[in-house]
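# Summary of the model geometry
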Amino acid sequence: KKIPILKDVATDQQTSGLTLALGIDRDTASRLGLSPASIDNALYNAYGQRQIATTYGALNQYRVVIETKPEFQVGPESLKDLYVGAPGGGQVPLPAITHSSITYTPLAINHQGQFPATTLSFNLAPGASLGDATKAIDLAERDIGMPPSIRASFAGTAQAFSSSLASQPLLLMLALLTVYIVLGVLYESYVHPLTILSTIPSAGVGALLALLLYKTEFNVIAMVGVILLIGIVKKNAIMMIDFAIEARRDHDLSARDAIRKACLLRFRPILMTTAAALLGALPLAFGSGIGSELRRPLGISIVGGLILSQLLTLFTTPVTYLSLDRFTRKHKYPTHAPLTEAPVEAE
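All values reported here derive from a predicted model rather than from experimental measurement. (Residues numbered from 1 in each chain as written. Predicted model: local features only at pLDDT ≥ 70, side-chain atom pairs only at ≥ 80, totals over all residues. Heavy atoms only, no water.)

### Looking at the overall build of the protein chain
Helix and strand content of the protein chain: nine helices and ten strands. Since a compact globule built from 347 residues should have a radius of gyration of about 20 Å, the 39 Å found for the protein chain marks it as more spread out than a globular shape. The principal-axis extent of the C-alpha atoms belonging to the protein chain is close to 140 × 70 × 55 Å. Within the protein chain, the proportion of its 347 residues that are buried is 27%. (Helix = DSSP H or I, 4+ residues; strand = E, 2+ residues; numbered from the N terminus. Rg over C-alpha atoms; globule rule 2.2 N^0.38 Å. Buried < 20%, exposed > 50% of the residue type's maximum accessible area, 1.4 Å probe, protein only.)

### A word on helix α3 (residues 130–144)
Because an α-helix completes one turn every 3.6 residues, residues spaced three or four positions apart along the sequence face the same direction. With 15 residues, α3 should reach 21 Å at 1.5 Å per residue; the first-to-last C-alpha distance of 21 Å fits that figure. Looking at α3, one finds that the buried residues are Leu130, Gly131, Ala133 and Thr134. All buried residues of α3 project into a common sector of 165° when viewed along the axis, lining one side. Within α3, the exposed residues directed more than 90 degrees away from the buried face are Lys135, Arg142 and Asp143. One or two positions beyond α3, positive phi appears at Gly145, with a value near 70°. (Expected span 1.5 Å × (residues − 1). Arc of directions from axis to C-beta.)

### A look at the pairing of strand β3 (residues 50–56)
Walk down a regular strand and you will see the side chains alternate between the two sheet faces. One ladder, built from six bridges, connects β3 with strand β4 (residues 61–66); its direction is antiparallel. Across the sheet, residue Gln51 finds its bridge partner in β4, namely Val65. (Pairing = 2+ DSSP bridges.)

### Considerations on the side chain of Asn236
Note that Asn236 resides in helix α7 (residues 220–251). Of note is the side chain of Asn236, whose polar atom sits 2.6 Å from the side chain of Lys235. Contact partners of Asn236, with chain neighbours within four places excluded, come to Ile270, Thr274, Gln310 and Thr313. (Polar contact = N/O pair within 3.5 Å; in protein donor to acceptor, adjacent residues only side chain to side chain. Contact = heavy atoms within 4.5 Å.)

### Focus on the packing of α7 against helix α8 (residues 255–286)
Between two packed helices, what matters for the description is the angle formed by their axes and the separation of those axes. One way to put it is that α7 packs onto α8 with a least axis distance of 8 Å and a crossing angle of 150°. Looking at the two axes, α7 sits roughly antiparallel to α8. As α7 runs across α8, the sense of the crossing is right-handed. (Axes fitted to C-alpha atoms, helices over the stretch in contact; angles between N-to-C directions. Parallel < 35°, antiparallel > 145°, perpendicular 65-115°, else oblique. Left-handed = near helix turned anticlockwise from the far one by under 90°.)

### Concerning the layout of surface pockets
Put simply, the largest pocket is a space of about 1500 Å³. As for the largest pocket, its lining consists of 32 residues, of which Thr118, Thr119, Leu120, Ala152 and Ser153 are closest to the centre. Listed by contribution, the elements that provide at least two residues to the lining of the largest pocket are β1 (6–11), β9 (115–116), β10 (120–124), α3 and α4 (157–187). Top element by residues in the lining of the largest pocket is α3. It accounts for five residues. For the lining of the largest pocket, the per-class residue count stands at 18 nonpolar, nine polar and five charged. (1 Å grid on protein atoms, 1.4 Å probe; cavity = no way out; pocket = protein on both sides within 12 Å on 5 of 7 lines; lining within 4 Å. Points joined across faces, edges and corners; volume = space filled by probe spheres on them. Nonpolar A, V, L, I, M, F, W, Y, C, P; charged D, E, K, R; others polar.)

### With respect to the environment of Thr98
Structurally, Thr98 is set in strand β7 (residues 98–105). Exposure remark for Thr98: the relative accessible area of 12% places this residue in the buried category. Separated by 73 residues in the primary sequence, Thr98 and Asp25 place their C-alpha atoms 5.3 Å from one another. At 2.8 Å, the side chain of Thr98 forms a polar contact with the backbone oxygen of Leu94.

### Let's talk about the confidence of the model for the protein chain
For the protein chain, per-residue confidence averages 83 on the pLDDT scale, and residues scoring 70 or more make up 93% of the total. Below pLDDT 50 for its whole length, residues 335–342 participates in zero contacts with residues either more than four positions away or in separate chains. (pLDDT = per-residue confidence, 0-100.)

### Quick notes on a nonpolar patch on the surface
A contiguous nonpolar surface patch, about 530 Å² in accessible area, is contributed by Leu18, Leu20, Leu22, Ile102 and Tyr104. At the level of secondary structure, the elements contributing two or more residues to the nonpolar patch comprise β2 (17–24) and β7. A per-element tally of the nonpolar patch places β2 first, with three residues. On the secondary structure map, Leu22 appears in strand β2. (Patch = residues over 30% accessible without salt bridge, like charges linked within 9 Å, V, L, I, M, F, W, Y side chains within 5 Å. Areas by Shrake-Rupley, 256 points an atom, 1.4 Å probe, with all protein chains shown as cover. Salt bridge = Lys/Arg side-chain N within 4 Å of Asp/Glu carboxyl O.)

### Here we look at the pattern of salt bridges
Oppositely charged side chains can pair when the atoms bearing their charge come close. Considering all chains together, one arrives at three salt bridges under this definition. We note a salt bridge from Lys80 to Asp81, for which the minimum N-O separation is 3.4 Å. A salt bridge links Asp250 to Arg249; the shortest N-O distance between them is 3.8 Å. The class of Asp250 is partly exposed, set by a relative accessible area of 48%. Classification of Arg249 by relative accessible area gives exposed; the value is 60%.

And the structure:
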């Protein structure tokens, strides 16, 4: 309750129930020949469900349960009228061998699996994000210093948020690996897919900067926008690399001339496709109405990623292409390899 970004903190733990605890005076009970078992049997006979007989009828049978009269079960003061049978046949009043105290006890004990569990619920303060709330709760848990026998875990929306955060790096890696495999099969090369994938970091940075600029949290919907950017942004590099590979193969151009020609001829298609995707995402980012707050992170991440990637990839893609081309030629045709001359036969 002291964490400022949380409000309406409540719990289902109800510990305001009253219970009567009896303590046995063992010295006095032993002098009178009473054992704790005999005292327990007296209490169970009075307030328990002890079956003492079975009555058989014509069509059914009935269990006979012993108990005290209802008027002697009203409150703790009725214990003074309860007697425990002594071995010699006498009766000992219960207050003579016990002392009672009223304490607090849970009204109900909830369980999760086989373990008792308590649920803490909370709402977020205005302007607070669920990620900041989970971090604050984890910090408070460490500061409290709970014993090892108590384990805390999130549930509900907080659990879904934590699970999504744990799976996001794996989803990104799988998406990038899938794109790399598809591009590798398409171009039959290990290098050209790296050139195309080099455009993705700028899109991710642009999406994060846009979310920070509009003070929007990076939630699951924004994560979907980043995954969409992986498929949208790489088309800039695909247009240039595909044209450069074709120019080198058909027109016997150098890598520098081929990528320069690709940049000049593919600039307008790249700009038009980026503008189409950007304008399509603007209603998501700045729209209003029912459910707009759910779609807004998706639109903001797409718009920010497209703007920054458009500004950078037109310059970084040719540089990456030429760098990887020099790296490939250097390892395929090493300059320090000895030159072998064919033997010349004298005529």
